[in-house]
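These are the residues of each chain, in order.
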Amino acid sequence: MGLEAGTKALLDAGITYDAVQTAFVGHCYGDSTSGQRALYGLGMTGIPITNVNNNCSTGSTALFNANNAVKSGLVDCALALGFERMAAGSLGTNFPDRPPPTRLFAKRTMDLEKTLTSGTNFGPGAPRMFGNAGQEYMDKFGAEVKHLAMIAAKNHAHSLKNPYSQFRNGWTVEQILQAPKITAQLTKFMCSPTSDGAACCIVASEDFVHAHGLENQSIEIVAQGLETDDPAAYDTESAMEVIGYGMSKRCADKVFKDAGFADGEGRDLVGVVELHDCFSANELITYPALGLCALDEAHKMVERGDNTYGGKYVINPSGGLEAKGHPLGATGLGMHFYIAMQLRNLAGPMQAPGLFDIPDKRGKFGLVHNIGIGGAVVVSLLRRPEFYKAGGIDGQARLGYNHAHECRPVTLADVDKVKSKKSSKFVLQHAKL
């Protein structure tokens, strides 16, 4: 999987692995140095390869580090790769002989169940935490379980247009509500599945972009942030804080400030969003955390349809984690891929309308939000750069198809086009595609 994603990314960029100066590889359920094993099929060039594990935000954390390596001037071209092969069933630990690092989060959310109208909850740890957060929002602001079902149905409808989606069933609100209950608030189809998958992004300096003639497909990371928890996660009477509401809000506010916006501003220039809907309850509370609506307006935003085509924002046009899947190490990178393709105007049937119907030739922003309990969140604001220039040979021409909305396998002939001059025949003999 990692070799396939890396090959597609290099083909898209029109470069070989020899151009990559450093790499960050995300995975949660792989052994040490899995990143090297995944990349050695592309070459053994001696570059720094750093393995990254940051729970569900692992992929975006790899990208955050790659972006910082380029922004700081340490390198001109960095690669961020993420992959996961997950066991069936709810998330667990690989180390049952010791307490998991998320244990205190689980304990705190259970302590807070006495403050919720639903009382003592049930179900596996992760959905229970997010279900409790959704219950807090419902208790405070009048949302109902039907709103969670409406979010899930929206995402499953979006997934019908995405050939990479794990589920392309298009479940309705009624079907979602009638599905087996996982917690008091969440049914099965409101939850992301365990998934296998991989994704890869190339981050390059402006000089590198110009030197390689990539002005027609480059998307700028205008601002990006990574935040971890503060004491509110434990020390307030809030199940929403336990799962990172405040962490997401702080990170989003900082990112928009870094992009040059005053407090609370800039959201009207966002057109398309990929956010972390590990459970539909988290999508609901993430709308206000990102500043897309007022805190008490999230369910009303759902009712207005301002989270889908024809509304104010198109949120999770890929189908989101609930439908396209959630391979932990790859998820954040996949989100950035989908937004980049939206901003290239190449997302095909998933394309959000109106992204370029504004006076600014750069068009609207794309927003990415990727969170993991434990905890860490990455928020990215993407846009076409000033020098963006359409036309000419681009990634879809080099691959021979539009990989944004058409899924084709990678072959060894494709690998041969992008592999380093310093590659191992022995490693390639053992490559699996």
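Shown above is the structure to which this text applies.
Structural notes, computed from the coordinates. (Residues numbered from 1 in each chain as written. Predicted model: local features only at pLDDT ≥ 70, side-chain atom pairs only at ≥ 80, totals over all residues. Heavy atoms only, no water.)

### Things to note about the sheet that holds strand 2 (residues 49–52)
Here is the rule: One requirement defines pairing of two strands: DSSP has to find at least two bridges between them. Where helices and strands are cited, they refer to DSSP runs of H or I of at least four residues and of E of at least two residues respectively, numbered from the N terminus. To define axes, lines are fitted to C-alpha atoms, for helices over the stretch in contact only, and angles between the resulting N-to-C directions are given on a 0 to 180 degree scale. Two residues qualify as a contact provided that any one of their heavy atoms is within 4.5 Å of a heavy atom in the partner residue.
With mixed pairing, 4 strands are arranged side by side in an open sheet as 2-1-3-4. Bordering the open sheet on either side are strand 2 and strand 4 (197–204), each of which pairs with just one other strand. On average, each strand axis in the sheet is inclined to that of its neighbour by 15 degrees, with strand direction left out of account. Both strand 1 (residues 22–26) and strand 2 contribute to a ladder of 4 bridges, which runs parallel. By the bridge assignment for strand 2, A23 is matched with I49. Seen against the sheet, helix 3 (residues 58–71) touches strand 1, strand 2, strand 3 (77–84) and strand 4 and runs at an angle of roughly 170 degrees to strand 3. Helix-sheet contacts for helix 15 (residues 328–343) involve strand 1, strand 3 and strand 4, and the interaxial angle to strand 3 is about 130 degrees.

### Focus on the side chain of N402
Selection rule: In the analysis that follows, any N or O atom pair within 3.5 Å is treated as a polar contact, provided that within protein one partner can donate a hydrogen and the other can accept it, and provided that, for residues neighboring in sequence, both atoms belong to side chains.
By the element assignment, N402 lies in the loop between helix 16 (395–399) and helix 17 (412–418). Here the side chain of N402 touches A404 through a polar contact of 3.0 Å, landing on its backbone nitrogen. Ignoring sequence-local partners within four residues, the contact set of N402 consists of L346 and Q396.

### Section: the nonpolar core
So the rule is basically this: Among buried residues, the Ala, Val, Leu, Ile, Met, Phe, Trp, Tyr and Cys ones that are joined through side-chain atoms within 4.5 Å form a nonpolar core. When a residue's accessible area, from a 1.4 Å probe over protein chains only, is under 20% of the maximum for its type it is buried; when over 50% it is exposed; and in between it is partly exposed.
Within the largest apolar cluster, 67 residues are counted, with the highest numbers of intra-cluster contacts made by Y287 and L367. Per element, the largest residue contribution to this core is 6 residues, and it comes from helix 11 (residues 245–258). If you look at the next biggest cluster of nonpolar residues, it comprises 30 residues, including A13, L39, C200 and L399.

### Let's talk about the environment of Y234
Structurally, Y234 is set in helix 9 (residues 232–235). Taking the C-alpha atoms as reference, Y234 lies 49 Å from A211; in sequence the two are 23 residues apart. The residues touching Y234, leaving out its near neighbours within four places in the chain, are L104, F105 and R108.

Read these as spatial facts, not as claims about activity.
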